[in-house]
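For reference, the chains in residue letters:
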Amino acid sequence: IRTIVATFSLSSPYLPCLSFVMMQYSLQNEFYGIETSVAFANFAYFNIVMKQDYIGGQHWATVALEILNQAPPSCITVRVNWIIHGLVMVWSVPLKETKRKLFDAY
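Bear in mind the structure is a predicted one, so any value in this text is a computation, not a measurement. (Residues numbered from 1 in each chain as written. Predicted model: local features only at pLDDT ≥ 70, side-chain atom pairs only at ≥ 80, totals over all residues. Heavy atoms only, no water.)

Draft legend 1. Structural context of the nonpolar core. Among the nonpolar cores identified, the biggest contains 24 residues, and Phe40, Ala41, Ala61, Val80, Ile84, Val88 and Met89 are the most heavily contacted of them. Elements with a minimum of two residues in this core: helix H2 (15–29), helix H3 (34–49), helix H4 (54–69) and helix H5 (75–88). No other element matches the nine residues that H3 contributes to this core. In this structure, Ile84 is in contact with Ala41, Ala61, Ala64, Leu65 and Met89, ignoring residues within four places of it in sequence. (Core = buried A, V, L, I, M, F, W, Y, C linked by side-chain atoms within 4.5 Å. Buried < 20%, exposed > 50% of the residue type's maximum accessible area, 1.4 Å probe, protein only. Helix = DSSP H or I, 4+ residues; strand = E, 2+ residues; numbered from the N terminus. Contact = heavy atoms within 4.5 Å.)

Draft legend 2. Up close: H2. Compared with an ideal rise of 1.5 Å per residue, which puts 15 residues at 21 Å, H2 spans 21 Å between its outermost C-alpha atoms and is within 8% of the ideal. Glu30 sits one or two positions beyond H2 and adopts a positive phi of about 55°. (Expected span 1.5 Å × (residues − 1).)

Right, here's the structure in full:
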C-alpha cells in the first residue's frame with residue numbers, strides 16, 4: 001500500500017508509469033471515472049516536463065477536464081484542477097484566466 005500511496009507524489013519516479021497504466025486500462029475498458037482524470041492530468045504534466053510536448057500536454061489536460069466535468073465535486077477534483085491549471089495550462093493560457101480557474105477550484 002505504501003508503494004501505491006508514494007506514486008501519487010509528483011516527485012515519485014513511479015508516477016508516469018502508474019499514470020500510463022491507468023490511462024491504458026481506462027481506454028481499453030471504456031472506464032472514465034474521476035480517478036482516471038488524475039492519471040490523464042499527470043500524463044499531461046509529464047508530457048510537458050519530460051518530453052516538452054506542450055500541444056500533447058494541453059490535449060491530455062483537456063481530456064482530463066472533460067472527464068472531470070462529468071464527476072461530482074470532491075477533493076480529487078481540486079487536485080486535478082491544480083495539476084491542470086497550475087502546471088499544464090499555464091504554458092498556453094493567459095495567466096489571468098489560469099488564476100481565475102485556480103480560485104474557482106477552491
